[in-house]
Amino acid sequence: MTSELRRLETPDNLEKFVEPDPYVEWQKREGVKVITDFAFEDLDQVELGPWERKGGSGAVINIPQRFLPNDAHLVEIKPGGKSEPEHHLYEETMYVVSGIGATSVWLDDEHKITFEWHEGSLVSIPLNAWYQHFNASGTNPARYLSVTNAPPVMRQWRNDAFIFDNPFQFTDRFTGDGEYFSGSGKLYERRKWASNFIPNAQTMMLWDYLSRGAGGVNASLEMAGNVTKSHISEFPVGTYKKAHRHTTGPHLLIMGGVGFSLLWNEGHEDEMIHADWKKGGMVIIPNDGIFHQHFNTGTEPARYLALRAGNGSPPPWGGSDVSVKDGGAQIEYEDEHREVHELFEAELAKHGVTCQMKAFVPYCTGDIGPTSERDT
């Protein structure tokens, strides 16, 4: 017995199906300014638009691609102002760019915690807990940057009421314990620091991460039980980190120092993007698998906070601190193009700084420099 496919001719007058993007539609309903870019020299100087429910003004920052793993909300609370209480089913990690203030977090009136913050503070809002921000200054605005996983959450559920009015309480993450935002934490192996509130990320203790590069130190952060992750890295004067790659979306917020980053796609080293940065700036890794490398050209250690998406899956290119020759995602110093180091030395000369990479790059014209975190 045989069967035949029925073949029908497609009419010429059919309407094109256009699937709406729930995340873009939310931005429109919110009426918020949207900035599409991946490099910002100074977040304090970014022009914002009205965002009254957040406490004054703000903008949503998107990298120039469609399916975003995360986004950033840059918000300024006016002097003496406050945000409207809210809760939502996407994760949010907040870094204070400037100003002083306080945040209240609660499940109900009997389980409410209020804690203070200032420039350099880092906090993760517990999933779907109520929260409200306050500017403690009557004369100066307070500005913060939040990185969220709102884009995939909104595209998954496609319903504002479910995301913003859902009564479910994630008590496995937050119960209203008074010590939740105390700033205390616990260190685990591989430089992992678990804490829900870091009072000053600009100066917190970091631990050696020599596989990433000359004298580098680092802390991998676990906050509020989040799937989204973050880490803090610092590297000495006159040095740079090894090139590596991973998935799209890490927001690198510069907390100290002056330098630049190079970004390029594999096989297109002649099309490198050069992004300068300084304290208060930000560079976002814009494409999946793009190689990037960070260089300190200033006169003090360079420190950045990386806020990124995560889903618990292993990286597709192997370990970010394992050589590409061994199946990882990192380019070792001996395998990088010589022009990279020559560019670095030229940039150092503009700042009157001597290169400190002789221990790792034999053709370096500078000094031995640091070989471990104890030499910085």
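The structure we're discussing is the one just above.
Residues numbered from 1 in each chain as written. Predicted model: local features only at pLDDT ≥ 70, side-chain atom pairs only at ≥ 80, totals over all residues. Heavy atoms only, no water.

S.K.: Sorry if this is basic, but what is going on with the environment of Phe 170 here?
M.R.: Looking at the secondary structure, you find Phe 170 in the loop between helix H3 (160–164) and strand S12 (186–188). Sequence separation of Phe 170 and Ala 150 is 20 residues, and the distance between their C-alpha atoms is 17 Å. Setting aside chain neighbours within four positions, we find Phe 170 in contact with Leu 89, Leu 127 and Asn 128. (Helix = DSSP H or I, 4+ residues; strand = E, 2+ residues; numbered from the N terminus. Contact = heavy atoms within 4.5 Å.)

S.K.: Which parts of the structure should I look at to understand the layout of surface pockets?
M.R.: Over the atoms rolls a probe the size of a water molecule, and its path tells where empty space is left. Within this model, the second largest pocket holds a volume of roughly 190 Å³. Along the walls of the second largest pocket sit 14 residues, with Trp 264, Glu 269, Phe 291, Ile 331 and Asp 335 positioned nearest its centre. (1 Å grid on protein atoms, 1.4 Å probe; cavity = no way out; pocket = protein on both sides within 12 Å on 5 of 7 lines; lining within 4 Å. Points joined across faces, edges and corners; volume = space filled by probe spheres on them.)

S.K.: Quick question: what am I supposed to make of the packing of aromatic side chains here?
M.R.: Two numbers describe a pair of aromatic rings. These are the distance of the centres and the angle of the planes. Following the criterion strictly, the structure yields 18 aromatic pairs and no others. Each ring, one from Tyr 90 and one from Phe 164, has its centre 5.9 Å from the other, and the planes form 80°; the classification is edge-to-face. Linking Tyr 90 in the loop between strand S5 (71–77) and strand S6 (92–98) with Phe 164 in helix H3, this pair joins segments that are 74 residues apart in sequence. Judged by its relative accessible area of 2%, Tyr 90 falls in the buried class. Residue class for Phe 164 comes out buried when judged on its relative accessible area of 17%. The interplanar angle of 35° and the centroid separation of 4.9 Å between the aromatic rings of Tyr 240 and Phe 295 together place this pair among those described as tilted. Residue Tyr 240 is located in the loop between strand S17 (229–235) and strand S18 (243–244), and its partner Phe 295 is located in strand S23 (residues 291–296); the two are separated by 55 residues in the primary sequence. The lysine or arginine in question, Lys 54, covers the ring of Trp 51, its NZ or CZ lying 5.4 Å from the ring centre. The residue whose ring lies beneath Arg 191 is Tyr 209, and the NZ or CZ to ring-centre distance is 3.8 Å. (Phe/Tyr/Trp six-rings, centres within 6.5 Å; stacked < 30°, edge-to-face > 60°. Buried < 20%, exposed > 50% of the residue type's maximum accessible area, 1.4 Å probe, protein only. Lys NZ or Arg CZ within 6 Å of the ring centre and 35° of its normal.)

S.K.: Even after reading the chapter, I still don't get the sheet that holds strand S10 (residues 130–135), so can you show me in this structure?
M.R.: The strands making up a sheet are joined through hydrogen bonds of the backbone, oriented either antiparallel or parallel. Strands sit in the order S8-S7-S10 across an open sheet of three strands; the sheet is antiparallel. The strands lining the two open edges of the sheet, one partner per strand, are strand S8 (112–118) and S10. Going from strand to strand, the sheet's axes swing by 20° on average, the running direction of each strand aside. Note that strand S7 (residues 100–106) and S8 share seven bridges and pair antiparallel. Considered in S8, the bridge of Trp 106 is made with Lys 112. (Pairing = 2+ DSSP bridges. Axes fitted to C-alpha atoms, helices over the stretch in contact; angles between N-to-C directions.)

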